[in-house]
Amino acid sequence: EKPATNDMYGEQSDEEDVKVAAQEPIKPAPLPKAKLPDLPIIEKNNWLIHMLFINKEFEKCKQVIKDQIEMTERTCEYALYVQGMIQRNEAMIQESLESFQAAAMLNPNSLENLKQVGRSLYLLGRHKAALDIYAEAAKLSPQDPELLHNQGVCLVYLNDYVKAEECFKKALSVQKTEHSFSQLGKMHILRGDKEGALAIYKKAVENFPENSELLSVLGLLYLQMGDTQRAFEHLGNAMTYDPQNTKAIMGAGSIIQDHGDFDVALTKYRVAASVTPESHALWNNIGMCFFGKKKYVAAISCLKRAHYLSPFEWRTCYNLGLAHLTMHQYASAFHFISAAINLKPKFAPLFMLLGVALTHLEDPSNAKQAYEQAIAIEADSPMTYLNYAIMLFNNGDKSHAAAQYAKFEMYHQKKSLNDPDVNALVAKLGPILHMGS
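Owing to the predicted nature of the structure, the values given are computational and were not obtained by experimental measurement. Position numbers for residues count from 1 along each chain, tracking the sequence in the order it is written. Residues qualify for local features only when their pLDDT is at least 70, as the model is predicted, and side-chain atom pairs are given and counted only at 80 or more; totals for whole chains, interfaces and linings, by contrast, use all residues. Side-chain calculation: all heavy atoms of the structure are included, whereas hydrogens and water are not.

Undergrad: What's the story with the nonpolar core in this structure? I'm lost.
TA: Note on terminology: a nonpolar core comprises buried Ala, Val, Leu, Ile, Met, Phe, Trp, Tyr and Cys residues joined through side-chain atoms within 4.5 Å. Burial classes: relative accessible area under 20% of the type maximum marks a residue as buried, over 50% as exposed, and values in between as partly exposed (1.4 Å probe, protein chains only). In terms of nonpolar packing, the biggest core is built from 82 residues, with I49, C61, I65, V82, F168, Y269 and I286 touching the most fellow members. At 7 residues, the largest contribution of residues to this core is made by helix α16 (residues 280-292). Here, two residues are considered to be in contact whenever any of their heavy atoms come within 4.5 Å of each other. In this structure, I49 is in contact with C61, V64, I65, Q68, Y78, A79 and V82, ignoring residues within four places of it in sequence. L353, L358, A374 and A401 belong to the second-largest nonpolar core, a separate cluster that totals 35 residues. Here a strand is any run of E in DSSP of at least two residues, a helix any run of H or I of at least four, and the numbering for each starts at the N terminus.

Undergrad: Help me understand the pattern of salt bridges, please; the structure alone is not making it clear to me.
TA: Where charged atoms from two side chains of opposite charge come close, those side chains can pair. Salt bridges are defined by distance alone: a side-chain nitrogen of Lys or Arg within 4 Å of a carboxyl oxygen of Asp or Glu. In the structure shown here, the tally under the stated rule is 14 salt bridges. With its nearest N and O atoms 3.0 Å apart, the salt bridge here joins D144 to K115. On the criterion of sequence distance, the pair formed by D144 in the loop between α7 (127-138) and α8 (145-157) and K115 in helix α6 (residues 111-123) is long-range, its members being 29 residues apart. The salt bridge involving K169 is made with E165; its shortest N-O contact spans 3.0 Å. In this pair, K169 and E165 both sit in helix α9 (residues 161-174), 4 residues apart, roughly one turn of the helix. For K169, a relative accessible area of 45% gives the class partly exposed. By sharing partners, the salt bridges in this structure join E112, K115, D144 and E146 into a single network.

Undergrad: Please clarify how the packing of aromatic side chains should be interpreted in this entry.
TA: Note on aromatic pairs: each is described by the distance of the centres and the angle between the planes. Side-chain rings of Phe, Tyr and Trp, where Trp is taken by its six-membered ring, are said to pair if the distance between their centres is within 6.5 Å; with planes under 30 degrees apart they count as stacked, over 60 as edge-to-face, and otherwise as tilted. Scanning the entire structure with this criterion turns up 11 aromatic pairs. Ring geometry for Y371 and Y388: centres 5.1 Å apart, planes at 20 degrees, overall stacked. Of the two residues, Y371 sits in helix α21 (residues 364-377) while Y388 sits in helix α22 (residues 382-394), which places them 17 residues apart along the sequence. Here Y388 falls in the buried class, since its relative accessible area comes to 1%. Three or more aromatic residues joined by ring pairs form one cluster here, namely W314, Y318 and F347.

Undergrad: Where do I start with helix α23 (residues 398-415) in this structure?
TA: Multiplying 1.5 Å by the residue count of a helix minus one yields the expected span of that helix. Under the 1.5 Å per step criterion, the end-to-end length of α23 is 25 Å for 18 residues, consistent within 8% with the ideal 26 Å. Of the positions making up α23, those classed as buried are A401, A402, Q404, Y405, F408, Y411 and H412.

Undergrad: Before we go on, may I ask you to explain α21 in this structure?
TA: Since the α-helix turns once every 3.6 residues, residues separated by three or four places project in the same direction. With 14 residues, α21 should cover 20 Å at 1.5 Å per step; its first-to-last C-alpha distance of 20 Å lies within 8% of that length. Those residues of α21 that fall on the buried side of the exposure criterion are A367, A370, Y371, A374 and I375. Relative to the axis of α21, the buried residues are bounded by an arc of 135 degrees and lie together on one face. Those residues of α21 that are exposed and aimed more than 90 degrees away from the buried face are Q369 and A376. In this description, one arc is meant: the one made by directions from the helix axis to the C-beta atoms.

Undergrad: What's the story with the packing of helix α17 (residues 296-309) against helix α18 (residues 314-326) in this structure? I'm lost.
TA: Helix packing geometry: the angle between the two helix axes and the distance between the axes. All axes here are fitted lines through C-alpha atoms, helices being fitted over the stretch that makes contact, and every angle between N-to-C directions spans 0 to 180 degrees. Packing of α17 against α18 brings their axes to within 10 Å, and their N-to-C directions diverge by 155 degrees. Looking at the two axes, α17 sits roughly antiparallel to α18. For the element pair α17 and α18, the recorded crossing hand is left-handed. Two secondary-structure elements touch here, α17 through Y296, I300, L303, K304, A306 and H307 and α18 through T316, C317, N319, L320, A323, H324 and T326. The classification used treats Ala, Val, Leu, Ile, Met, Phe, Trp, Tyr, Cys and Pro as nonpolar, Asp, Glu, Lys and Arg as charged, and all other residues, Gly among them, as polar. Tallied by class, the residues present in the contact of α17 with α18 amount to 7 nonpolar, 5 polar and 1 charged. Comment on the angle field: the value is read as roughly parallel under 35 degrees, roughly antiparallel over 145, roughly perpendicular from 65 to 115, and oblique elsewhere. Crossings are sorted by hand: turned counterclockwise from the far helix by less than a right angle, the near helix makes the crossing left-handed, and turned clockwise it makes it right-handed.

Encoded structure:
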């Protein structure tokens, strides 16, 4: 007989229990769903405003801000702040100021709100009011380098250079930035302290050796001080880091142009023309390159474009007068030289050129007055005496011509000028005037 089992009672054997356990694993009890915190209605759409703003979807962002402001009755600080940023980006400076002021009223202890109020006041030209706001913000963060820098900029506009220098130096002691170095250097240039500016920019380049803007300004300072070798070195470094830096290109091009390598200078200027085609200084330099190459029609064409772009630039008028004199267009030369004199009345070479033009226009009395005025402004210019002597000699006044020529010889020897054209003229004129005297 088979042994009795427990099947008759509906019970399972041990092997069947193992099989069931393997087929039906025990499931963990479900966790209770975590309830997300409800954001206050005031901040409900801040995330969306932020996302649209950083993605530069300004139109959608403005609509969300408008709805948020209406919903919260202008109590949403972040919406007002971003609205001010968008308005400033759209050149609505006064409206941005009002938005930032509203945000600052909601949270007067916010440093960012006060900074933006000050920034808008600065852009509106209200430098004293901006300075007061920055001073208030400085109470919240006395060592904030941005605040110290902005205070210095406002003080520069208020002509308080001593306090401005203190602010820039404090900002640099907290954090060295290109902007603070640049502003401090510009302030020294405004004060006429080129040596001080040079020291500042040298230190700036030590801290930021790859900043093309700082390198180009340092190179231009060296150029103004007559150190062309160092100037060319720094301008070259600036173009290495930024090949389209127009300041560096113009500076380097002018050095190359002064050395008579006009084709290389024109190659440099071609790069600058693609970046800043409306630069009057660029077209002025291009014109004088063509003048140096004796392509006078092209020179006058470029100079006239420069004059169109900046009608009140006396250097362009001077160069146009010189070019027209070279082309024997004396009436046009007189026109541009007279315009340059009105813009720069204390520049002696202009009166000398005016004398030359008037001589060829057969007006010796006014030409004589022009030469006398040039001598009164600059008494040691040999070329003025030489042209004056030629004018007097051609009009039959040999004794006065000899006197002016003697002064030319004296200053010519002192300044050690060596111009082939001048030397050729002296070789012809000198013996005649010496015989006449």
